Amino acid sequence: MSKKPPPEKPIIHNGLLQTDELYKYLLETNVYPREPEPLKELRALTAPHPWSVMGTAPDAGQMIGILLKLVGAKKAIEIGVFTGYSLLLTALTIPDDGKIVAIDMDRESYEIGRPIFKKAGVEHKIEFIESQALVALDKILENVSDEAVMSTAPDAGQMIGILLKLVGAKKAIEIGVFTGYSLLLTALTIPEDGKIVAIDMDREAYEIGRPVIKKAGVEHKIEFIESKALQALDKILENPENEGSFDFAFVDADKINYINYHERIMKLVRVNGIVAYDNTLWFGSVAQHESSVLDEFKEGRVSTIKFNKSLASDPRIDISTVPLGDGLTICRRLY
Ligand SMILES: C[S@@+](CC[C@H](N)C(=O)[O-])C[C@H]1O[C@@H](n2cnc3c(N)ncnc32)[C@H](O)[C@@H]1O
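Residues numbered from 1 in each chain as written. Predicted model: local features only at pLDDT ≥ 70, side-chain atom pairs only at ≥ 80, totals over all residues.

*Asks:* Would you explain the site of the ligand in this entry?
*Replies:* Taken together, 21 residues sit near the ligand, with Thr152, Gly176, Phe178, Tyr181 and Asp254 positioned nearest. Looking at the shell around the ligand, the elements with two or more residues in it are helix H8 (181-189) and strand E5 (195-200). Its residues placed into classes, the shell around the ligand shows nine nonpolar, seven polar and five charged. (Near = placed C-beta within 6 Å. Helix = DSSP H or I, 4+ residues; strand = E, 2+ residues; numbered from the N terminus. Nonpolar A, V, L, I, M, F, W, Y, C, P; charged D, E, K, R; others polar.)

*Asks:* What is the right way to read the sheet that holds E5 from this model?
*Replies:* The strands making up a sheet associate through hydrogen bonds between their backbones, and the pairing can be parallel or antiparallel. The seven strands lie next to each other as E6-E5-E4-E7-E8-E10-E9, forming an open sheet whose pairing is mixed. Where the open sheet ends on each side, the last strands, each with one partner, are strand E6 (222-226) and strand E9 (317-322). Between one strand axis and the next, the sheet turns through 15 degrees on average, direction left out of account. When strand E8 (residues 269-278) meets strand E10 (residues 328-333), the two strands line up antiparallel, connected through five bridges. Bridging across to E10, alanine 276 finds its partner in isoleucine 330. (Pairing = 2+ DSSP bridges. Axes fitted to C-alpha atoms, helices over the stretch in contact; angles between N-to-C directions.)

*Asks:* I keep staring at the nonpolar core and nothing clicks. Help me out?
*Replies:* Considering soluble globular proteins, one finds that nonpolar side chains tend to be buried as a cluster. Formed by 45 residues in total, the largest nonpolar core has its most connected members in Ala198, Phe248, Ala249, Val251 and Val275. Setting aside its immediate chain neighbours within four residues, phenylalanine 248 contacts Leu163, Leu164, Val167, Ala169, Ala172, Gly273 and Ile274. (Core = buried A, V, L, I, M, F, W, Y, C linked by C-beta atoms within 7 Å. Buried ≥ 20, exposed ≤ 12 C-beta atoms within 10 Å, placed from the backbone. Contact = placed C-beta atoms within 7 Å.)

*Asks:* Explanation requested: helix H12 (residues 295-312) in the structure shown.
*Replies:* Residue pairs spaced three or four apart in an α-helix point in one direction, given the helix's 3.6 residues per turn. The terminal C-alpha atoms of H12 lie 26 Å apart, and with 18 residues this matches the ideal 26 Å at 1.5 Å per residue to within 8%. If you look at H12, its biggest bend is around 25 degrees, right at arginine 301. Among all positions in H12, only Arg301, Thr304, Phe307 and Leu311 are buried. Looking at the buried positions of H12, the neighbouring elements they touch are helix H11 (258-268), E9 and E10. (Expected span 1.5 Å × (residues − 1). Bend = angle between axes of the 7 residues up to and from the residue.)

*Asks:* Whenever I open this one, the environment of asparagine 279 confuses me. Can you help?
*Replies:* Of note, asparagine 279 is situated in the loop between E8 and H12. Along the backbone, asparagine 279 and threonine 329 are 50 residues apart, and their C-alpha atoms lie at a distance of 8.2 Å. Non-local contacts of asparagine 279, meaning those with residues more than four positions away in its chain, are made with Asp252, Lys255, Asp326 and Gly327.

*Asks:* Teacher, can you tell me more about the pairing of E5 here?
*Replies:* Side-chain direction in a regular strand flips from residue to residue, so the side chains alternate between the two faces of the sheet. Taking burial as the measure, the six residues of E5 include five buried ones, the bulk of the element. Sheet analysis places strand E4 (residues 171-175) next to E5, joined by five bridges and oriented parallel. Within E5, the residue paired with isoleucine 173 across the bridge is valine 197. Where the polypeptide runs from E4 across H8 and back to E5, its parallel neighbour, the crossover connection is right-handed. As judged from the five bridges shared by E5 and E6, these two strands associate in the parallel manner. In the strand pairing of E6, isoleucine 196 is matched with isoleucine 222. The parallel pair E5 and E6, bridged by helix H9 (residues 203-215), forms a crossover whose chirality is right-handed. (Right-handed = clockwise from strand over helix to strand, strands pointing away.)

Here you go:
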């Protein structure tokens, strides 16, 4: 926008109000006396800009401030930054650990306001993205769906719930927790004095879901182990009392290790107990020719094919692969 020629006539700032006097009255009575110093400074700094009219009007800014407070905003996104009046206002309003993703293709104008954000001590809350907004938004959304795809699919979850009830599971083990969808589902299903050993090397993701687990009143059933799963399983197996002590196991972690997990879990789950493996159809790639598989699925495809083959010929289990979610293979330990 800043590359456009500036307007020939100055534009009057009276918005939809009938007269400049009325607008001036509003600003001088309600807005300027309460406008924080850094915003005043930024407005003054922007005033000589040929496109200063692009800055968010301070009266509208005041309303945005109220809305931010009402929703208790901690994470905000802004499309269209210019020199940053509304951005600074947002940064001044949200808490110290808040975050604003601010998108504008015009870095030059953003740099005008930046020293004031710095001086106001709020620059750490801002992630400026110099980009066309649609491109930036699509990129942000890619990330969200990548993460969302990690969670166990709700239809597979429903089946896990039935299985837990059928085996009367009281003691379960889960490998691959992420934010805890399947973990919470298990915790909600097993009895009050039930126990789940939940293993994941990523505590951060677990902490995202933990408040929900707490609120649901089931946190006492969970023992979270932050560790690489193989190490944690070997440690659990050091105690012979743990052998055959689990009614149910759910595995939803790195595909390359499924074979290794299976050997250990066969020792931990009791005879007649259930083990469910997630993602055993690996986005459909197991039935595709390698040449037509996307690069990011190739490694998982090879591991999954190998794993499925080994389960199919494992005499210690009954198996059934159900096309729920990304493929759920259910095994019952026979001996
Ligand atoms: C698909 S997600 C699990 C999703 C989870 N079941 C749910 O319902 O949201 C996979 C998880 O496995 C964990 N993981 C991957 N490899 C691991 C390993 N070797 N040891 C422990 N955790 C691992 C990742 O940190 C990630 O959180």
